[in-house]
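# Residue-level structural notes
For reference, the chains in residue letters:
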Amino acid sequence: MPSSTDAPTHAEHAADDAALRRLTSIRGSIDNIDAALVHMLAERFKFTTLVGELKAEYGLPPADPDRERRQILRLRQLAEESHLDPEFAETFINFIIAEVIRHHERIAEQG
Ligand SMILES: C=C(O[C@@H]1C=C(C(=O)O)C=C[C@H]1O)C(=O)O
């Protein structure tokens, strides 16, 4: 049995190469998903900006807690169905909504 201080065998090198190729391939998919997330978030912010402009024009408040509650319930449900931690889904959407509300406050201030 080779000790951990021996030089790697040919088979060990081959196993390392296969593992590295799989890792690189899986990371390629992760990179694609991250790119899609950024694109989807950018699209979402385009629409929330439209909402912010509408609210500013009609003097509506930047935040709508009732709408947020309904979104959170819906996303928690979707998360459960997708085997994603609903707490994480709620934290994630709250993080995004907080940023949207800051944008809406800024739009309202700018008039
Ligand atoms: C986009 C809106 O404004 C705020 C941001 C929300 C969001 O990012 O989903 C939801 C409710 C509001 O607090 C909205 O009222 O629809």
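Residues numbered from 1 in each chain as written. Predicted model: local features only at pLDDT ≥ 70, side-chain atom pairs only at ≥ 80, totals over all residues. Heavy atoms only, no water.

### Focus on the packing of helix α1 (residues 10-58) against helix α3 (residues 86-110)
Where α1 meets α3, the closest approach of the two axes is 9 Å, and the angle between their N-to-C directions is 40 degrees. The angle between the axes of α1 and α3 places the two elements in the oblique class. Both α1 and α3 take part in a crossing whose hand is right-handed. Contact residues: Leu 41, Arg 44, Phe 45, Thr 48, Thr 49, Val 51, Gly 52, Glu 53, Lys 55 and Ala 56 in α1; Ile 93, Ile 96, Glu 99, Val 100, His 103, His 104, Ile 107 and Ala 108 in α3. Tallied by class, the residues present in the contact of α1 with α3 amount to nine nonpolar, five polar and four charged. (Axes fitted to C-alpha atoms, helices over the stretch in contact; angles between N-to-C directions. Helix = DSSP H or I, 4+ residues; strand = E, 2+ residues; numbered from the N terminus. Parallel < 35°, antiparallel > 145°, perpendicular 65-115°, else oblique. Left-handed = near helix turned anticlockwise from the far one by under 90°. Contact = heavy atoms within 4.5 Å. Nonpolar A, V, L, I, M, F, W, Y, C, P; charged D, E, K, R; others polar.)

### Points about the site of the ligand
Neighbouring residues of the ligand: 14 residues in total, closest Arg 44, Lys 55, Asp 64, Glu 68 and Gln 71. Between an oxygen atom of the ligand and a main-chain N or O atom of Asp 64, the distance comes to 2.9 Å. Take Glu 68: an N or O atom from its side chain is 2.4 Å from an oxygen atom of the ligand. Within the residue set of the shell around the ligand, elements represented by two or more residues are α1, α2 (65-81) and α3. Tallied by class, residues from the shell around the ligand come to six nonpolar, three polar and five charged. (Near = heavy atom within 4 Å. Polar contact = N/O pair within 3.5 Å; in protein donor to acceptor, adjacent residues only side chain to side chain.)

### Structural notes on the UniProt feature "domain: Chorismate mutase" (unreviewed entry) in the protein chain
The UniProt feature table records "domain: Chorismate mutase" (unreviewed entry) at residues 17-108. For residues 17-108, the helix share is 89%, the strand share is 0%, and the end-to-end C-alpha distance is 56 Å. (UniProt positions renumbered as here; feature names shortened; annotations may be inferred.)

### As for α3
Spanning 25 residues, α3 covers 36 Å between terminal C-alpha atoms, matching the ideal 36 Å at 1.5 Å per step. Burial in α3 covers these residues: Pro 86, Ala 89, Ile 93, Ile 96, Ile 97, Val 100, Ile 101, His 104 and Ile 107. Residues of α3 that are buried in the fold lie against α1 and α2. Capping the start of α3, Asp 85 holds a side-chain oxygen 3.0 Å from the backbone nitrogen of Glu 87, two or three residues further along. Looking one or two residues beyond α3, the residue adopting positive phi is Gly 111, at roughly 70 degrees. (Expected span 1.5 Å × (residues − 1). Buried < 20%, exposed > 50% of the residue type's maximum accessible area, 1.4 Å probe, protein only.)

### Side note on the pattern of salt bridges
Proximity of charged atoms lets side chains of opposite charge pair with each other. Taken as a whole and assessed by the stated rule, the structure comprises five salt bridges. Of the charged contacts, one joins Arg 76 and Glu 90 as a salt bridge, the two residues approaching to 2.5 Å between their closest N and O atoms. In this pair, Arg 76 sits in helix α2 while Glu 90 sits in helix α3, placing the two residues 14 residues apart along the sequence. On the basis of relative accessibility, which here comes to 25%, the residue Glu 90 falls in the partly exposed class. For Glu 99, the salt bridge is made with Arg 102, and the minimal N-O distance between the two is 2.6 Å. Of the two residues, Glu 99 and Arg 102 are both situated in helix α3; the distance of three residues between them amounts to about one turn of the helix. One continuous salt-bridge network, built from bridges that share partners, spans Arg 76, Glu 87 and Glu 90. (Salt bridge = Lys/Arg side-chain N within 4 Å of Asp/Glu carboxyl O.)

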